[in-house]
Amino acid sequence: MKKLPLLLVCCLNLPAFAGVDDCMTRTTVPDGKLSLPEIIDLGLCRNPQTSASYLAYESARFSKNAGYAKYLPSVSVGANASLPYRNEEWGDWSYGASLSASYLIFDFGKRLSDLNQSAASWRAAGFDYDESVQNYIFSIIGSYYALLNADADVKSAEMLRTVAQTARDTAKKKFNAGAVAKADVLKADTTLASRDLDLERAKNNREIAKGTLLSKLSFPADQNIEIADMPSEIGTPQETKSLEDLFAQAQKTRPDLLRATANKDAAWHRRNSTFLSNLPSISASGSVSWNDTPSETFNAGQDKISGSIGIRASMPLFAGFANMYNLRAAQANYERAKEQERNIQDSASLDIFSAYQNYKTAQTVLKQTETLLKSATESEKVTAGMYKVGRATMLDWQTAQSELVTAEKQNNAAKYDLFTKRAAVALAVGEIKAELEQERANAQENN
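The notes below deal with the structure included here. (Residues numbered from 1 in each chain as written. Predicted model: local features only at pLDDT ≥ 70, side-chain atom pairs only at ≥ 80, totals over all residues. Heavy atoms only, no water.)

On to the state of the cysteines, then. All chains considered together, the criterion is met by one disulfide. Here cysteine 23 connects covalently by a disulfide to cysteine 45, the sulfurs 1.7 Å from one another. Taking the sign of the torsion about the S-S bond as the criterion, the disulfide between cysteine 23 and cysteine 45, at about 50 degrees, is right-handed. Taken together, the residues span a long stretch of sequence, with cysteine 23 in the loop between β1 (4–5) and β2 (33–34) and cysteine 45 in helix α1 (residues 36–46) at a distance of 22 residues. Overall, cysteine 23 belongs to the buried group, its relative accessible area being 4%. (Disulfide = S-S within 2.5 Å. Helix = DSSP H or I, 4+ residues; strand = E, 2+ residues; numbered from the N terminus. Buried < 20%, exposed > 50% of the residue type's maximum accessible area, 1.4 Å probe, protein only.)

Quick look at the structure:
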C-alpha cells in the first residue's frame with residue numbers, strides 16, 4: 001500500500017519562544033523571520049483559548065485530588081461564648097470549645113468509585129486540552145501556509161506584470177516601426193492594466209493573510225510579521241506510514257477518541273457510585289468538649305470536660321424513589337457514553353481516510369501543476385519570441401500569458417495546500433503536538 005508521511009514540521013532548528021519570559025506580555029511581533037515552530041510556540045504562549053482549556057484541566061485535577069479526602073478522617077473544631085439573660089438580668093459569660101472527628105470505615109467501595117470517576121473526568125479534561133492545542137496548532141499551520149501562498153502569489157503577479165510590460169513595450173516598438181496595427185498596443189495596454197489589478201489584489205490578499213495570522217497570535221492585525229518558507233521536497237518513503245498504521249495510531253493518540261473513552265469510564269464509575277449509595281455505610285466518630293459555665297448560671301453544674309466515641313451505621317431506606325431514578329439515569333448516561341464513543345470512532349475513521357485521500361490527491365495535483373507551470377512558462381517564452389519576429393499575434397501572446405497566470409496560481413496553491421493536507425493527516429491521527437515536540441527535541445540535540 002502507498003505510504004503517507006506523518007512528519008508535520010521539518011527542519012525545526014531554531015529556538016522556541018516557550019522560554020521567552022515576555023511572550024505573553026509583549027505588544028509587538030519579534031523581529032526577524034520566524035519559522036513555523038517559532039510561530040506555534042509564540043501562539044501557544046499567548047492564545048487565550050488553549051489557556052482556558054488548560055485551566056479547565058487544572059480544575060479537573062484539583063477536583064480529582066479532593067476525592068482522596070474521603071479516605072482521611074474529617075476533623076472539626078468549634079468554640080462558643082454566651083451571655084445569658086433571665087428575669088431582666090444579665091448573667092455571667094460562659095465559654096466552651098469542642099473537637100470532633102469522624103472516619104468512614106466501610107461503604108462497599110462507593111468512595112473508590114467516586115475517586116475513579118473524578119480521575120476519568122480529569123483524564124478527559126486532559127484530552128480536551130490536548131485537542132484544543134492540536135486544533136490551534138492546525139489553525140496556525142493553515143494561516144502560516146496561507147500567508148506563504150499569498151506572498152508567492154504577489155511575487156508571481158509581479159513577474160507576470162513584468163511580462164505584460166515587456167509585451168506592451170514590444171508592441172509599441174513594432175507599432176512605431178509600422179509592423180503591427182494600433183490594436184496590438186491597445187491589447188497590450190489592456191493586459192498590462194489587468195496585471196496591475198491582479199498585483200493589487202494579490203497584495204491585498206497578502207495583507208489579509210498576514211492579519212489573520214497576527215490575530216491568531218493575539219497581535220494587532222496591522223503589525224508586520226516575516227515568516228520563513230518551508231522546504232519544497234516532502235513525502236519521502238522513509239518517513240511514511242500506511243493507512244492501517246494510521247488507524248491503529250489514532251486509537252492511541254487522537255484526543256477525542258481518548259476523551260470519549262475517559263468519559264465512558266467516568267460514566268461507568270458514576271453509575272456504580274449511584275448504586276453503591278443505596279448500600280449501608282459504617283463510620284467511626286469521636287468528640288471532646290470543654291465548657292466553663294458559672295455555677296449560678298442556668299444549666300450550670302455540667303462537667304467542664306466531656307467526650308464520646310462511637311460507631312455509626314446508616315442506610316437509606318426511602319427517598320421518594322429518587323435513588324431508583326438516579327440509578328436508571330446513571331445507567332442511561334453510561335449507555336449514551338458508549339454510543340458517543342462508537343460515534344466518535346466512526347467519525348475518526350472517516351476523518352483519517354478523508355485526510356489520507358486528500359493528501360494523496362494533493363501530491364498528484366502538485367506534480368500536475370508543476371508540469372503545467374513548466375509547459376506554460378515555455379509556451380509564453382516561445383510565443384513571445386514568435387511575436388517579436390512576426391510569426392504570432394498579440395492575441396496568441398495574451399493567451400499564453402493568461403495560461404501562465406493560471407499555472408502560477410495553481411502551482412502556488414498546490415504547493416502550500418500539500419503542506420496543509422499533510423498537517424490535516426497529522427491532526428486526524430492526533431500527532432501534531434507529538435511530532436512538533438519530537439522534532440524540536442531532535443533540533444536541540446543537533447544544536
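So much for the structure itself; the text now carries on.
Inspection of every chain in the model, using the stated rule, returns 19 salt bridges. For aspartate 114, the salt bridge goes to lysine 110, with nearest N and O atoms at 2.9 Å. Here lysine 110 and aspartate 114 lie together in helix α3 (residues 110–176), a separation of four residues that amounts to about one turn. The shortest N-O distance in the salt bridge between aspartate 151 and arginine 206 comes to 3.0 Å. Note that aspartate 151 is positioned in helix α3 and arginine 206 in helix α4 (residues 182–216), a separation of 55 residues in sequence. Taken together, the shared-partner salt bridges connect Lys70, Lys110 and Asp114 into one network. (Salt bridge = Lys/Arg side-chain N within 4 Å of Asp/Glu carboxyl O.)

As a further point, take the packing of α3 against α4. Between α3 and α4, the least distance of the axes is 8 Å, while the angle of their chain directions is 165 degrees. On the basis of their axis angle, the class for α3 and α4 is roughly antiparallel. Crossing angle aside, the handedness with which α3 passes α4 is left-handed. Among the residues forming the contact of α3 with α4, the class breakdown is 20 nonpolar, six polar and 16 charged. (Axes fitted to C-alpha atoms, helices over the stretch in contact; angles between N-to-C directions. Parallel < 35°, antiparallel > 145°, perpendicular 65-115°, else oblique. Left-handed = near helix turned anticlockwise from the far one by under 90°. Nonpolar A, V, L, I, M, F, W, Y, C, P; charged D, E, K, R; others polar.)

Before going further, it helps to spend a moment on the packing of helix α5 (residues 243–253) against helix α7 (residues 322–388). For the pair α5 and α7, the least separation of the axes is 10 Å and the interaxial angle reads 140 degrees. Put simply, α5 runs oblique to α7. Here α5 runs over α7; the crossing is right-handed. Side by side, α5 and α7 meet where Leu243, Leu246, Phe247, Ala250 and Gln251 of the first sit next to Gln345, Ser349, Ile352, Phe353 and Tyr356 of the second. (Contact = heavy atoms within 4.5 Å.)

Approximately 340 Å³ is the volume attributed to the largest pocket. For the largest pocket, the lining is made up of 16 residues, of which Leu148, Asp151, Lys155, Glu226 and Ile227 are closest to its centre. For the lining of the largest pocket, the elements supplying multiple residues, two or more each, are α3, α4 and β7 (226–227). The element contributing the most residues to the lining of the largest pocket is α3, with five residues. Among the residues making up the lining of the largest pocket, the classes are represented as seven nonpolar, one polar and eight charged. (1 Å grid on protein atoms, 1.4 Å probe; cavity = no way out; pocket = protein on both sides within 12 Å on 5 of 7 lines; lining within 4 Å. Points joined across faces, edges and corners; volume = space filled by probe spheres on them.)

Before going further, it helps to spend a moment on unusual backbone geometry. Phi at phenylalanine 108 is positive, roughly 60 degrees, even though this residue is not glycine. Secondary-structure assignment places phenylalanine 108 in the loop between β6 (94–106) and α3. Residue classification places phenylalanine 108 among the partly exposed residues on the basis of a relative accessible area of 41%. Look at serine 218: it is not a glycine, yet its phi comes out positive at around 65 degrees. Positionally, serine 218 belongs in the loop between α4 and β7. The exposure class of serine 218 is partly exposed, given its relative accessible area of 31%.

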